[in-house]
Amino acid sequence: AMKAGKKILLEGQLGSLKDPDHGIYPMVTSSSTLADYGAIGAGIPPYEITNITTVVKAYSSAVGAGAFVSEIFGEEAQELRDRGGDGGEYGATTGRPRRVGWFDAVASRYGCRVQGTTEAALTVVDVLGYLDEIPICIGYEFDGKILKDFPVTSMLEHCKPVYKKLPGWKCDIRGIRNYKELPANCRNYIDE
């Protein structure tokens, strides 16, 4: 396919924070989740990967234990979990409820950096249309200081989220395919 000049699509699963070298240890998987390792699995040279699209949810979710700075709980979490994804944030095989939280810009920036992201795709933005205001985790408070860079795991476990709240758009945006047709508050959320 390479010799024929065809485009090759490699698809990975799990996020940067599940990577055994760069993730939140020990809550990682057994092999690398980073785009660079796609070349190894596909048997192509790494310089052939020229575009890395990182898919990011408009809110955060996690399976299993481990540090999760922007995690929310109680009724607030249950409503987001029930509204989320395709049929809610529940394990595809087990049906177990996933942990959910607000969008974490600190973790997302770090994930994009270690992936070598050339573009990002923000998904499930429509899920948030029920909210009057939407928190975004823009930093972590650790030991009285605000961190903007993703810390090591031993620090992460003691971090508290620092939120910026944006006004919600309070309408259904499913079916909108043109960015300019989205409500202004939705575009502001995406741009933030």
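One can find the structure itself at the top, above this paragraph.
What you see is a predicted model; the values in this text were computed from it and never measured. (Residues numbered from 1 in each chain as written. Predicted model: local features only at pLDDT ≥ 70, side-chain atom pairs only at ≥ 80, totals over all residues. Heavy atoms only, no water.)

Draft legend 1. Layout of the pattern of salt bridges. Applying the stated criterion across every chain, the model contains 8 salt bridges. Of the charged contacts, one joins E79 and R83 as a salt bridge, the two residues approaching to 3.0 Å between their closest N and O atoms. A residue pair is termed a helical-turn pair when its members lie 3 or 4 positions apart in one helix, as E79 and R83 do in helix α2 (residues 74-83) at 4 residues. On the accessibility criterion, R83 (42% relative accessible area) is partly exposed. A salt bridge links R98 to E89, with the nearest nitrogen and oxygen atoms 3.0 Å apart. In this structure R98 comes out as partly exposed when scored by relative accessible area, which is 21%. The structure contains a network of salt bridges with shared partners spanning K57, E89 and R98. (Salt bridge = Lys/Arg side-chain N within 4 Å of Asp/Glu carboxyl O. Helix = DSSP H or I, 4+ residues; strand = E, 2+ residues; numbered from the N terminus. Buried < 20%, exposed > 50% of the residue type's maximum accessible area, 1.4 Å probe, protein only.)

Draft legend 2. The arrangement of the nonpolar core in detail. Core analysis: the biggest nonpolar cluster contains 23 residues, and L80, L128, W169 and Y189 have the highest contact counts within it. Elements supplying a minimum of two residues to this core: α2, β6 (133-142) and α5 (184-191). Every residue in contact with Y189, bar those within four places of it in the chain, is listed here: A58, F103, L128, I134, I136, L166 and W169. If you look at the next biggest cluster of nonpolar residues, it comprises 13 residues, including V69, V114, L156 and C159. (Core = buried A, V, L, I, M, F, W, Y, C linked by side-chain atoms within 4.5 Å. Contact = heavy atoms within 4.5 Å.)

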